[in-house]
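# Chains, contacts and geometry: an overview
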Amino acid sequence: MGKCKSACNVVYFCDGKKCCRYNDDAKSCFKSLISESGLEEKVVFQKMKCQGLCKKAPIFYIESEKEFKKEVTEKKARKIFEKYIVA
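Residue numbers here run from 1 along each chain, matching the order of that chain's written sequence. Confidence filtering applies because this is a predicted model: local features only for residues at pLDDT of at least 70, side-chain atom pairs given and counted only at 80 or more, and all residues used for totals across whole chains, interfaces and linings. To obtain the side-chain values, all non-hydrogen atoms of the structure were used and water was disregarded.

## Overview of the overall build of the protein chain
Note the following rule: By the criteria applied, helices consist of DSSP H or I runs no shorter than four residues and strands consist of E runs no shorter than two, each listed in order from the N terminus. Computation of the radius of gyration draws on C-alpha atoms, with the globule rule given as 2.2 Å multiplied by the number of residues to the power 0.38. Relative accessibility under 20% of the residue-type maximum defines a buried residue, over 50% an exposed one, and the middle range a partly exposed one, all with a 1.4 Å probe and only protein chains included. Contacts between residues were defined by any pair of non-hydrogen atoms, one from each residue, lying within 4.5 Å. A 1.4 Å probe and the Shrake-Rupley method give the accessible areas. Residues count as covered only by the protein chains that appear here. His residues and chain termini do not enter the charge count, which takes Lys and Arg as positive and Asp and Glu as negative. Taken as the charge centre is NZ of Lys, CZ of Arg, CG of Asp or CD of Glu, depending on the residue.
For the protein chain, the count of helices and strands is 3 helices and 4 strands. Counting from the amino terminus, the protein chain carries its helices and strands in the arrangement β-α-α-β-β-β-α. Relative to the globule expectation of 12 Å for 87 residues, the C-alpha radius of gyration of the protein chain, 12 Å, shows essentially globular dimensions. Buried residues in the protein chain amount to 39% of all 87 residues. The long-range fraction of contacts in the protein chain, counting pairs at least 24 apart against all pairs at least 6 apart in sequence, stands at 67%. Surface exposure of the protein chain reaches about 5,600 Å², of which carbon and sulfur atoms provide 47%. In the protein chain, 20 positive and 12 negative side-chain charges are present, and the distance between their average locations comes to 7 Å.

## Some points on the nonpolar core
As a reminder, the rule being used: In this description, a nonpolar core means a group of buried Ala, Val, Leu, Ile, Met, Phe, Trp, Tyr and Cys residues linked to one another through side-chain atoms lying within 4.5 Å.
Judged by nonpolar contacts, the single largest core of 18 residues is most densely connected at V11, F30, F45, F60, V72 and F81. Elements represented by at least two residues in this core include exactly strand 1 (9–14), helix 2 (24–36), strand 2 (43–48), strand 3 (60–62) and helix 3 (74–86). Not counting residues up to four positions away in its chain, the partners in contact with F30 are V11, F45, F60, V72, A77, I80 and F81. Formed by 9 residues, the second largest nonpolar core is a distinct cluster that contains V10, Y12, V44 and M48.

## Some words on a positive patch on the surface
What counts is decided by this rule: Patch membership is restricted to residues that have no salt bridge and whose relative accessible area is over 30%. Joining uses 9 Å for like charges and 5 Å for the nonpolar side chains Val, Leu, Ile, Met, Phe, Trp and Tyr. We count a salt bridge whenever a side-chain nitrogen from Lys or Arg sits within 4 Å of a carboxyl oxygen from Asp or Glu.
A cluster of basic residues, K56, K70, K75, K76 and K79, forms a positive patch at the surface. Tracing the backbone through its elements, the reader meets K56 in the loop between strand 2 and strand 3. Classification of K56 as partly exposed rests on a relative accessible area of 39%.

Spatial relationships are all this shows, so hold off on functional conclusions.
As structure tokens, this is what we get:
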């Protein structure tokens, strides 16, 4: 997903070794929710370098909230999307 031209929300996912092992389901969930909601123009989904929070992998960062989300599963991804992206 590309960069937004207007005001948007950015969701980052850690691209470190441990997070990459566990974040496939959550990444897929976020991507499909963004697409299904028609928010491709308002939400950017990007990778970030390792944040050193490997014990809590996988890590996602919600820029609008300035908040890290730890141990994100598909279920948590849906809740995060509903609470911070769609709301």
